[in-house]
Amino acid sequence: EPDYIDVVPGTHASADFLAHLAFNHFVLNVPYYREMYRLSDHKMSLSRMTLVNWLAKGAAFTSALIERLKDRAMVKDSILNCDETWCKVKMNRHFLKKYVWCLVNKEQKIVIYCYEDGSRGRKVLKGILKDRQVKALQSDGYNVYMYIDKEQVDTEHLCCLAHARAKFVLLPSHPPRGELMDKAVNYLQVFWKQLFAYLNDGRYDIDNSIAERFIRPLAGERKNSLFFVGSRMANVSAAYHTLLSTCRMNGLSALEYLKKFFHEIVKG
């Protein structure tokens, strides 16, 4: 017989079961109610709250690992791509619009998701970066990122040239002079320095598409699961997506990684 009981601490789930549960929900975007139907076909009666609690218990074991990944992703002279997307969080019977941030270090092959307090403000970005000596950060033209130019003088701020191009692509079907033209030209004028900063270093990207690609899994989850029940589950989602997207960056099987991870937790 095995010298340990294959149950993840705090749950009644085996390592493989919890890995499949996380993979189904955060990669395949299977909502909890569909997972309950699937399990009922296997003669397993589990409530939605049980599935939620087990995933939350599993995510708690990732905290130390994610902190190590953050330190490695934002090491001195690192180059980051950053983006954010909205999510719906249910709090006190109200649905609030909150935000999740995504940071990508292409060279280290690490993707970090941060919910923090769900804000989209400057305070969150400052809290993520702290006093880390990042060489450059690329983003879209959201004005919160402009604090980098004003306060993080040692960090070069780049903007996405694809965003500028997209504004002009819309113009052919509109009058040559109008609101869209004003927005497109104004965008170029405000972010001219940041748009062409990619010429300063061969490691820089011309656009921010890599961060936008890794935002898409959150959009898929939002479409299928609709909302998070409290900030706790928003942080749980950010934790799992950090591991899953980092696996994807490194060409690893996300499911096999989760299995191995939870087996190591079970073994202590």
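Cut-off values and rules
Residues numbered from 1 in each chain as written. Predicted model: local features only at pLDDT ≥ 70, side-chain atom pairs only at ≥ 80, totals over all residues. Heavy atoms only, no water. Helix = DSSP H or I, 4+ residues; strand = E, 2+ residues; numbered from the N terminus. Buried < 20%, exposed > 50% of the residue type's maximum accessible area, 1.4 Å probe, protein only. Pairing = 2+ DSSP bridges. Polar contact = N/O pair within 3.5 Å; in protein donor to acceptor, adjacent residues only side chain to side chain. Contact = heavy atoms within 4.5 Å. Core = buried A, V, L, I, M, F, W, Y, C linked by side-chain atoms within 4.5 Å.

(A) Inspection of unusual backbone geometry at higher detail. Of note in the backbone geometry, Asn29 takes a positive phi value of approximately 60° without being a glycine. For Asn29, the position within the fold is in the loop between helix H1 (15-26) and helix H2 (32-40). The exposure class of Asn29 is buried, given its relative accessible area of 16%. Although it is not a glycine, Lys43 adopts a positive phi angle of roughly 65°.

(B) The pairing of strand E4 (residues 136-139), seen in detail. Burial of the side chains of E4 extends over both faces: Ala136 and Gln138 are buried on one face and Leu137 and Ser139 on the other. Pairing of strand E1 (residues 79-91) with E4 involves 3 bridges; the strand directions are parallel. Residue Ile79 lies in a different strand from E4, and its bridge partner there is Ala136. Sheet topology places E4 next to strand E5 (residues 156-159); 4 bridges connect them, and they run parallel. Residue pairing for E5: Ala136 is matched across the bridge by Glu156.

(C) Region of interest: the side chain of Asn29. Separated by 3.4 Å, the side chain of Asn29 and the backbone nitrogen of Glu221 make a polar contact. Residue contacts for Asn29: discarding those within four places in its chain leaves Asn24, Pro217, Gly220, Glu221 and Asn224.

(D) Local environment of the nonpolar core. Residues Trp101, Leu125, Leu129, Tyr240 and Phe262 are the most contacted members of the largest nonpolar core, which totals 71 residues. A per-element tally of this core places helix H11 (residues 230-249) first, with 10 residues. Setting aside chain neighbours within four positions, we find Leu129 in contact with Met74, Leu80, Leu103, Val134, Leu137 and Tyr147.

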